Amino acid sequence: MKENPLMKYSEQLAVEIEKMCKSLDNKKDNANTILQIRKSSSSVFANISEAQYPQSLPDMLSKFKIARKECVETEGWLKLLHSSDVIDEETFKKYRNICGRIQRILTSSCITIERKIK
């Protein structure tokens, strides 16, 4: 079976963000941010996973657009964690880059699906 880079990157993002959050769990000041980034990063993975078996092209498009929005949200939480010195520059850039890859693939996929629908 051919490797699906979108699935690979979204799973990597969800797993690595979860591991990062576990290491930050003792920082009660950031409990809400940690919860929110866990939710948004796992939502990226969940929506992309659901899109692998869509009911229709519009359904797939919807899942991809939701995943893209959740990816942008994840990036926002990363920026907040970095700006408040909870995570270092290297960690921020690593996860931001994964988010960027996912967003580029999703944007391209959305354009292709929209063309097929028309």
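Residues numbered from 1 in each chain as written. Predicted model: local features only at pLDDT ≥ 70, side-chain atom pairs only at ≥ 80, totals over all residues. Heavy atoms only, no water.

1. A look at the side chain of Gln103
Line of reasoning, step 1. Checked against the element boundaries, Gln103 lands in helix α4 (residues 89-117).
Line of reasoning, step 2. Among the residues examined, Gln103 registers a relative accessible area of 16% and is labelled buried.
Line of reasoning, step 3. Here the side chain of Gln103 touches Glu75 through a polar contact of 2.5 Å, side chain to side chain.
Line of reasoning, step 4. Residues contacting Gln103, with those up to four places away along its chain left out, are Arg68, Cys71, Val72 and Glu75. (Helix = DSSP H or I, 4+ residues; strand = E, 2+ residues; numbered from the N terminus. Buried < 20%, exposed > 50% of the residue type's maximum accessible area, 1.4 Å probe, protein only. Polar contact = N/O pair within 3.5 Å; in protein donor to acceptor, adjacent residues only side chain to side chain. Contact = heavy atoms within 4.5 Å.)

2. Side note on the packing of helix α2 (residues 31-51) against helix α3 (residues 57-83)
Line of reasoning, step 1. Where α2 meets α3, the axes come as close as 8 Å, and the angle between the chain directions of the two elements is 155°. Of the possible angle classes, the one that applies to α2 and α3 is roughly antiparallel. Crossing of α2 over α3 shows left-handed handedness.
Line of reasoning, step 2. Along the lines of polarity and charge, the residues of the contact of α2 with α3 split into 13 nonpolar, seven polar and four charged. (Axes fitted to C-alpha atoms, helices over the stretch in contact; angles between N-to-C directions. Parallel < 35°, antiparallel > 145°, perpendicular 65-115°, else oblique. Left-handed = near helix turned anticlockwise from the far one by under 90°. Nonpolar A, V, L, I, M, F, W, Y, C, P; charged D, E, K, R; others polar.)

By themselves, these observations are geometric and do not establish any function.
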